[in-house]
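# Examining the three-dimensional arrangement
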Amino acid sequence: MSFSTPAEFVDQVLALQPSIAVFDCDGTLWSGDAGADFFYWEIERGLVSPETGKWAYEQYEEYKAGRVGEEQICGEMVTMNRGISNEKLQHAAREFFDEVVAHRIFPELQELTRRLAEQGCELWAVSSTNNWVVEVGAERFGIHRERILAACVHVENGLASDRLIRVPTDELKAVAIREVIGKPMELVVGNSVHDQAMLEMAKWPFCVNPNPDLEQVALQRGWPVYHPLRSRP
């Protein structure tokens, strides 16, 4: 199933009247990879030391070459901020989102989350991007901070540590949902194979702006697919 217009997509989802909905963020609520964009943005602005920035950049190149795994790099993109004030990171994330990501938001997804909330639906965001960026972005969709499961570290004496709490990617997204939310999943929305595990948990899985690999899975499984207007050629 696919949808030709935003209204058709939004109305179809609302008609299901889910009591709980989980959304991926990068590529699903907005276009692009905000986690990678923040990574480069903070290195360029000197938020981390030059030594840390050089090491992290080299690690990311290894990841792109397939020599570092998804879970490892997503974790390192958070732990590289060890010793930086949590408040400073929150401020930086807000500045970054306003500057780089806000104009990439999919308006129909904003409308959908707003109207789901009006129906009484419990909204969650699950992402492998750092919690500082996800919290700012999810706020635009009415998703509260306490309902965000993102890559994050323990904060000690006001500073980010290098002790990971979670890195929700691939199967670890499903693990986080089971451990923290602990309810049967009704609506789950994602865009990549890294969301497949949590999509498989859903009563109603939806693929929004899917990468080619997930779109192929969606065709095989009969999952609905929607391409936001801003993602279309």
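Below: a short report on this structure.

Rules used throughout
Residues numbered from 1 in each chain as written. Predicted model: local features only at pLDDT ≥ 70, side-chain atom pairs only at ≥ 80, totals over all residues. Heavy atoms only, no water. Helix = DSSP H or I, 4+ residues; strand = E, 2+ residues; numbered from the N terminus. Expected span 1.5 Å × (residues − 1). Buried < 20%, exposed > 50% of the residue type's maximum accessible area, 1.4 Å probe, protein only. Arc of directions from axis to C-beta. Contact = heavy atoms within 4.5 Å. Axes fitted to C-alpha atoms, helices over the stretch in contact; angles between N-to-C directions. Parallel < 35°, antiparallel > 145°, perpendicular 65-115°, else oblique. Left-handed = near helix turned anticlockwise from the far one by under 90°. Nonpolar A, V, L, I, M, F, W, Y, C, P; charged D, E, K, R; others polar. Salt bridge = Lys/Arg side-chain N within 4 Å of Asp/Glu carboxyl O. Core = buried A, V, L, I, M, F, W, Y, C linked by side-chain atoms within 4.5 Å.

## Things to note about helix 6 (residues 107-118)
Because each turn of an α-helix spans 3.6 residues, side chains separated by three or four positions end up pointing in the same direction. Over its 12 residues, helix 6 runs 17 Å from end to end, which matches the ideal 16 Å to within 8%, given 1.5 Å per residue. Taken residue by residue, helix 6 has Glu108, Leu109, Leu112, Thr113 and Leu116 as its buried positions. Buried residues along helix 6 cover an arc of 135° about the axis, so they all sit on one side. Lining the buried residues of helix 6 we find helix 1 (6-16), strand 1 (20-23), strand 2 (122-130), strand 5 (187-190), strand 6 (204-208) and strand 7 (225-226).

## A short note on the packing of helix 1 against helix 6
Where helix 1 meets helix 6, the closest approach of the two axes is 10 Å, and the angle between their N-to-C directions is 25°. With respect to their mutual orientation, helix 1 and helix 6 come out roughly parallel. In terms of crossing hand, the pair formed by helix 1 and helix 6 is right-handed. Counted together, Pro6, Phe9, Val10, Asp11, Val13 and Leu14 of helix 1 and Glu108, Leu109, Glu111, Leu112, Arg115 and Leu116 of helix 6 form the full contact between these two elements. Considering only residue class, the contact of helix 1 with helix 6 consists of eight nonpolar, no polar and four charged.

## Concerning the pattern of salt bridges
Going through the model one piece at a time under the given rule, you end up with 19 salt bridges. For Arg140, the salt bridge goes to Asp98, with nearest N and O atoms at 2.3 Å. In this pair, Arg140 is assigned in the loop between helix 7 (131-139) and strand 3 (148-156) and Asp98 in helix 5 (residues 86-101), connecting sequence segments 42 residues apart. Its relative accessible area of 31% is what places Arg140 among the partly exposed residues. In this structure Asp98 comes out as partly exposed when scored by relative accessible area, which is 44%. Measuring nitrogen to oxygen at the nearest pair gives 2.9 Å for the salt bridge that ties Arg114 to Glu118. Placement of both Arg114 and Glu118 in helix 6 is noted, with a separation of four residues, approximately one turn of the helix. One salt-bridge network, in which partners are shared between bridges, spans Asp11, Glu111 and Arg115.

## As for the nonpolar core
The biggest cluster of nonpolar side chains holds 59 residues, and the ones touching the most others in it are Phe9, Phe23, Trp30, Leu109, Leu112 and Leu116. It is helix 5 that provides the largest number of residues to this core, a total of seven residues. For Phe23, the contacting residues outside a window of four places in its chain are Leu29, Leu109, Leu112, Thr113, Leu116, Leu123, Trp124, Ala125, Val126, Leu187, Val189 and Met198. Residues Ile181, Met185, Val188 and Met198 belong to the second largest nonpolar core, which totals 19 residues.

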